[in-house]
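The chain contents come next:
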Amino acid sequence: MTTTTRRELTPRYDSASVEPAIYERWLQSGAFSPSPEPPEGAERFVIIQPPPNVTGSLHLGHATRATVEDTLIRYHRMRGDDTLWLPGVDHASISAQFVLDRILAEEGETRASLGRERYLERMWRFMGETRETIGLQHRRLGASAEWSRLRFTMDPISARAVRTAFKRLWDAGLVYRGEGLVNWCPRCLTTISDLENVHHEEQGTLWTIRYHLAGADGTPDPDRWISVATTRPETLLGDVAVAVHPDDARYAELVGEQAILPFLGRALPIIADPAVEREFGTGAVKMTPAHDPDDYAMAQRHSLPGINIFTDDARINEAGGEFSGLDRYAAREKILERLREMGDLQREQPHQMSVGRCDRCGTVSEPRLSTQWFIRVKPLAERALAAVNEGRTEIVPARFAKVYAHWMENIHDWAVGRQLWWGHRIPAWFCPDGHITVTDAPDGPDACAECGRAASELTQETDIFDTWFSSGLWPFSTLGWPDRTPDFERFYPTTVMETAYDILFFWVARMMMLGLFCTGVEPFRTVLLSGLIRVDGGAKMSKTKGNVIDPLGTIDEIGADALRFALVVGTSPGNDQRLSHAKLEGARNFTNKLWNAARFVTGARPEPFAEPSGEPTLAERWIRSRLAEATERATRQLDALDLGGYTATVHEFAWSEFADWFLEMAKVELRRDGASDGDRARVWATASDVLADLLRLAHPIMPFVTEEIWDTLGSIAPAATAGEPLLITAPWPVAKTREPAVEEEMAALMELVRAVRNLRTESGAAAGAWLPLAIAPVDEAASAAIERGRGYLEPLARVRPIEIAGGEPRPAAVAISPLGAAWLRATPEASDAGARREAQRGELRTGIERLRGLVANPSFTAKAPSDVVARERERLSELEERLRQLGQG
RNA sequence: GGGCGAUUGGCUCAGUCGGUUAGAGCGCACGGUUCACAUCCGUGAGGUCACUGGUUCGAAUCCAGUAUCGCCCACCA
């Protein structure tokens, strides 16, 4: 055995100095990396980290991701599984530009002032900084990711995957370029997907406008008109028709006639279409196909063209006549003013309506007809849906499978092009003849795929991809796909995809679709959806409200372990959680509790240390049995991805069983006069063994403090740590055999202790006073148990001496327990003792009555399972025994 | 307009296969400073499990409906 220097734990746990040192040891040990070859017969456990956006610093969402994933990885690593946690960073195209543009604005620059090339250079620099920051911040949390495999969605590996995937989609006929109505953000100056276009209910106005009908000479007839209702009068500049319902008698005669568009004089055919709601507004709709999804759909049915009236930044373009150059809202005011002058603004009324805004910048988005790249997702969605329906991929919690299915079933083609600069450029080239060539070659095509024109005559598409396109390839692009690299072969498909439910559609759905298309296999076995974090009170955290909890500041204050614990304890998958300072404080206290319990154990080593000998005490057998239970439970909970349950198990075992009861009882033996050196050594060995296993159990969620304790424990109790130098790679404990009889006896003893303590409190006895106690055991077995437990009973309940009661009269105040009744001698009874006992008797009688009725009920005894019936009978006799113990008063 | 979730002590949340005395942490009340920890220890109070009906020997748990709050989806200008 190697001789190591005996260390001791500092009086206080100083997370700030311990954590960096521990992390450095982990890194040095290579524990985060998978072994060169997969361990024989090992299960695989692979998490590809949802890439945190590179747009800022670590927030609580990132911290939660990292905590959950790290906890799972650490558990599986200890299990000896073939483990990989591959970290990554997303280039976050639109978000990154949004953030950088703000920074540039402070520097007095703009995207335009820099130009594409310099802007992208600046972006790469910015990315370098933030990637560094976010990586360091994850390390502070304790993330045991395989940093050498860190991937970035803009690195060449990812770029190649993007080109390959797109080429394959194109070859499969799943990509097309065509005209469609897309959401346009006039501030970000790009198309955004339906998912990025967020609808809010807002108060608007519904205006009724008079369109005069065309007279015989084609000019507006002052006496005949049709009135239309609109919330967006400025769009009338793009009107191409007026629509009414075919069965609407009010307008039946007008169908086929023409109305004259104010200002522009354009003739608008009045058409009939069943999509028009007769009850809404006037029952007649102005049709602006280029700027309204409904109108666009209708126009397609009637072969009407769309007229785009906006510039990129939502000013009226040259199609708007006198209003050209005005901002959309200025144009609205002007148009309303002019209509009012003409007497054709008939009505205005407040109106609740749904307004789409850019998810990124909050600007009101503009539906706009344009030519775009689309991915035909229906065939992809079918496979992705089937994978979940048929159980090849499981979504946790299961209810999200329905949400997923609904989305997949109603999916629309994905407008995948973005008019941004930061991202992967779409690998498509146009030839002067209008042919399109898509290639996965890094340097572009050699010639037009259709007419063979030389590459020099081709121009590349300037659009880039929606950032989620590259994210959608993440589970396999990170492993080297499209090559069948060793990593890909070994780690794909992955095991758990953990993320927050708010990006189920954005990301998880896209990974499922693209993963199945590209690799033919579901990209992960399980999708674990975590909830979002709210502040205490239920509101979303927001910087403007100043109610943000900063994870890094929290780590500074209370340590990463406490933060990790607080982020997970009491949560369940898919449900939001409220994080409060009180909760963080509780987690900090728990860290401290572990530390102090360990400090006691490591400091209590008997000197000189003898060979352990003698029979284990009741307390030792009990705590080992409880440890077995906790181990079994924690293992089951981690396997079920129930981190909330797992943390509760660890907390309960460590605090309520190990520290509160076992360590107190161990002190009794360690300090007992008659105890031999072997006895003391044995008890201490039990304490250190159990502590060691507790550290193993707690390690996945609280890696730093457990590792630090492990280090010291190993120097003092090498047997307990089995010579494992690092906890991070120590094996997960195996649940040993439980001893139900021991647990039962201890439970009875504990109950007696509590009851006597209660009695002391009630009687107003001085807290430190040693009081004589009398006990009337229920039977021989109880009597024997009391004898065995006497050594614990005395110090824990602070009673001495304990006598077995003879025929003396009982006072009103007795403590009752499964072992028997007990009462204090020579202590004045509290004045209300009699009343309290009577109340207790009342409760017992009620319970007994109910149970008697139950077991006497023939349908209960006939229909309930026999073990339930037996349990109820037993409970009944327990209650009867308790009542007997209390006496008849 | 559809869908989902939540509703359990003052607060934040657990609650397995339906099993009859529903748990935890915080807070509260009372008591406690030698011997790991006041970031602690002990004792206690506090719940008609949102409401109504149903299924069942038995419901916080299953079913139907209602209410309140929250979220998601959806092309009524």
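**Some words on the overall build of chain A**
Then, number 1: Along the backbone of chain A there are 26 helices and 28 strands.
Then, number 2: Relative to the globule expectation of 29 Å for 889 residues, the C-alpha radius of gyration of chain A, 37 Å, shows a markedly less compact shape.
Then, number 3: For chain A, the spread of C-alpha atoms along the principal axes amounts to about 125 × 65 × 55 Å.
Then, number 4: Of all 889 residues assigned to chain A, the portion counted as buried reaches 55%.
Then, number 5: In chain A, the share of contacts with a sequence separation of at least 24, taken over all contacts with a separation of at least 6, comes to 78%.

**Describing the confidence of the model for chain A**
Then, number 1: Looking at chain A as a whole, its pLDDT mean stands at 91, while 97% of the residues score no less than 70.
Then, number 2: Among the prediction metrics, the complex's ipTM stands at 0.96, with pTM recorded as 0.94.

**Some points on the side chain of Thr526**
Then, number 1: Looking at the element boundaries, Thr526 is found in strand S23 (residues 524-530).
Then, number 2: Sequence-distant contacts of Thr526, defined by excluding residues within four places in its chain, comprise Glu394, Val396, Thr495, Val496, Met497 and Leu641.

**Thoughts on the nonpolar core**
Then, number 1: Judged by nonpolar contacts, the single largest core of 126 residues is most densely connected at Leu72, Trp622, Phe658 and Phe662.
Then, number 2: With 13 residues, helix H18 (residues 643-671) is the largest single contributor of residues to this core.
Then, number 3: Those residues in contact with Trp622, other than ones at most four positions away along the chain, are Glu657, Trp661, Phe662, Met665, Val742, Glu743, Met746 and Met750.
Then, number 4: Core analysis: the second largest hydrophobic core is formed by 61 residues, Ala161, Ala381, Val508 and Leu529 among them.

**Observations concerning the packing of helix H15 (residues 560-568) against helix H16 (residues 581-603)**
Then, number 1: Where H15 meets H16, the closest approach of the two axes is 8 Å, and the angle between their N-to-C directions is 125°. Taken as axis vectors, H15 and H16 run oblique relative to one another. Along this stretch, H15 crosses H16, giving a crossing that reads as right-handed. Seen from H15, the contacting residues are Asp561, Ala562, Leu563, Phe565 and Ala566; seen from H16, they are Lys583, Leu584, Ala587, Arg588, Phe590 and Thr591.

**Description of the protein's contact with RNA strand B**
Then, number 1: Around RNA strand B lies a shell of 52 residues, among which Asp294, Trp655, Arg850, Lys863 and Leu879 are the nearest.
Then, number 2: Put simply, 60% of the atoms of RNA strand B that lie within 4 Å of the protein are in sugar or phosphate.
Then, number 3: One nitrogen or oxygen atom from the main chain of Phe280 is found 3.3 Å from a base nitrogen belonging to RNA strand B.
Then, number 4: At 2.8 Å from a sugar or linking oxygen of RNA strand B is found a side-chain nitrogen or oxygen belonging to Arg871.
Then, number 5: Broken down by element, the residue count for the surface near RNA strand B peaks at nine residues, all from H16.

**A closer look at the pairing of strand S5 (residues 175-185)**
Then, number 1: The sheet contact formed by S5 and strand S14 (residues 366-375) spans ten bridges and is antiparallel. When the bridges of S14 are listed, Leu181 appears paired with Leu369.
Then, number 2: Here S5 folds back onto strand S6 (residues 190-192) in antiparallel fashion, the turn holding four residues, of which Leu189 has a positive phi close to 60°.

**Examining the sheet that holds S14**
Then, number 1: Read across the sheet, four strands follow the order S6-S5-S14-S16 without closing on themselves; strand pairing throughout is antiparallel. In this open sheet, the two strands that pair with only one neighbour each are S6 and strand S16 (414-415).
Then, number 2: Two strands pair when backbone bridges link them, and S5 and S6 are joined in this way by three bridges, in the antiparallel orientation. Pairing of Asn183 across the sheet is with Ile192, part of S6.

**Points about unusual backbone geometry**
Then, number 1: At the junction of Glu607 and Pro608, the peptide bond is cis and its omega measures out at -5° in the coordinates.
Then, number 2: A cis geometry characterises the amide bond from Arg800 onward to Pro801, with omega recorded as -10°.
Then, number 3: Inspection of the secondary structure assignment puts Pro801 in strand S27 (residues 799-804).
Then, number 4: With a phi close to 50°, Ala92 is a non-glycine residue in the positive phi region.
Then, number 5: Within the secondary structure, Ala92 is located in the loop between strand S3 (88-89) and helix H3 (93-106).
Then, number 6: Although it is not a glycine, Arg798 adopts a positive phi angle of roughly 55°.
Then, number 7: Along the polypeptide, Arg798 turns up in the loop between helix H23 (780-797) and S27.

**Here we look at helix H5 (residues 156-171)**
Then, number 1: Its 16 residues give H5 an end-to-end C-alpha distance of 22 Å, which sits within 8% of 22 Å, the value for a rise of 1.5 Å per residue.
Then, number 2: Taken as a whole, H5 has its buried residues at Ser158, Ala159, Ala161, Val162, Arg163, Thr164, Ala165, Phe166 and Leu169.

**Here we look at the pattern of salt bridges**
Then, number 1: As enumerated under the stated definition, the model contains 64 salt bridges in all.
Then, number 2: Measuring nitrogen to oxygen at the nearest pair gives 3.2 Å for the salt bridge that ties Arg624 to Asp689. With Arg624 in helix H17 (residues 618-639) and Asp689 in helix H19 (residues 677-698), this pair connects stretches of sequence that are 65 residues apart.
Then, number 3: By relative accessible area, Arg624 is classed as partly exposed at 36%.

**What to know about the side chain of Glu669**
Then, number 1: Mapped onto the fold, Glu669 is located in helix H18.
Then, number 2: Once residues within four sequence positions are removed from consideration, Glu669 is found in contact with Thr617, Ala675, Asp679, Arg680, Arg682 and Val683.

**Here's the deal with the packing of aromatic side chains**
Then, number 1: Evaluated as defined, the whole model comprises 28 aromatic pairs.
Then, number 2: Ring centres 4.9 Å apart and planes at 40° place the aromatic pair Tyr13 and Trp595 in the tilted group. With Tyr13 in the segment before helix H1 (15-29) and Trp595 in helix H16, this residue pair connects regions lying 582 residues apart in the sequence. The same class applies to Tyr13 and to Trp595, which are both buried.
Then, number 3: Sitting above the plane of the Trp184 ring, Arg368 keeps its charged end 4.1 Å from the centroid.
Then, number 4: A cation over a ring is seen here: Arg510 above Trp414, with NZ or CZ 4.1 Å from the ring centre.

**Details of H1**
Then, number 1: Between its terminal C-alpha atoms H1 stretches 21 Å, which fits the 21 Å expected from 15 residues at 1.5 Å a residue.
Then, number 2: Those residues of H1 lying buried are Ser15, Val18, Glu19, Ile22, Tyr23 and Trp26. Relative to the axis of H1, the buried residues are bounded by an arc of 125° and lie together on one face. Relative to its buried face, H1 has exposed residues pointing more than 90 degrees away, namely Ala16 and Gln28.
Then, number 3: Packed against the buried residues of H1 are helix H2 (60-78), helix H4 (111-141), helix H14 (551-558), H15 and helix H20 (703-716).
Then, number 4: Positive backbone phi, at 75°, marks Gly30, one or two positions downstream of H1.

**Structural notes on the sheet that holds strand S20 (residues 459-460)**
Then, number 1: Read from one edge of the open sheet, three strands run S19-S18-S20, paired in antiparallel fashion. Since the sheet does not close on itself, it has two edges, and those belong to strand S19 (436-438) and S20, each with one partner.
Then, number 2: Pairing analysis gives two bridges linking strand S18 (residues 428-430) to S20, with the strands arranged antiparallel. Counted as the bridge partner of Phe430 is Thr459 from S20.

**Focus on the pairing of strand S22 (residues 494-500)**
Then, number 1: Burial runs high along S22: seven of the seven residues are buried.
Then, number 2: Here S22 runs beside S23; their pairing, made up of six bridges, is parallel. What sits directly across from Glu498, in S23, is Leu528.
Then, number 3: After leaving S22, the chain enters helix H13 (residues 504-519) and then returns to the sheet as S23, a path that is right-handed.

**Some details on the environment of Arg873**
Then, number 1: On the secondary structure map, Arg873 appears in helix H26 (residues 866-886).
Then, number 2: On the basis of relative accessible area, Arg873 is assigned to the partly exposed category, the value being 44%.
Then, number 3: C-alpha of Arg873 to C-alpha of Arg852: the two residues are 21 residues apart in sequence and 8.4 Å apart in space.
Then, number 4: Excluding residues within four positions of it along the chain, Arg873 makes contact with Val855 and Thr861.

Calculation criteria
- Residues numbered from 1 in each chain as written.
- Chains lettered and ligands numbered in written order.
- Predicted model: local features only at pLDDT ≥ 70, side-chain atom pairs only at ≥ 80, totals over all residues.
- Heavy atoms only, no water.
- Helix = DSSP H or I, 4+ residues; strand = E, 2+ residues; numbered from the N terminus.
- Rg over C-alpha atoms; globule rule 2.2 N^0.38 Å.
- Buried < 20%, exposed > 50% of the residue type's maximum accessible area, 1.4 Å probe, protein only.
- Contact = heavy atoms within 4.5 Å.
- pLDDT = per-residue confidence, 0-100.
- Core = buried A, V, L, I, M, F, W, Y, C linked by side-chain atoms within 4.5 Å.
- Axes fitted to C-alpha atoms, helices over the stretch in contact; angles between N-to-C directions.
- Parallel < 35°, antiparallel > 145°, perpendicular 65-115°, else oblique.
- Left-handed = near helix turned anticlockwise from the far one by under 90°.
- Near = heavy atom within 4 Å.
- Polar contact = N/O pair within 3.5 Å; in protein donor to acceptor, adjacent residues only side chain to side chain.
- Pairing = 2+ DSSP bridges.
- Expected span 1.5 Å × (residues − 1).
- Salt bridge = Lys/Arg side-chain N within 4 Å of Asp/Glu carboxyl O.
- Phe/Tyr/Trp six-rings, centres within 6.5 Å; stacked < 30°, edge-to-face > 60°.
- Lys NZ or Arg CZ within 6 Å of the ring centre and 35° of its normal.
- Arc of directions from axis to C-beta.
- Right-handed = clockwise from strand over helix to strand, strands pointing away.

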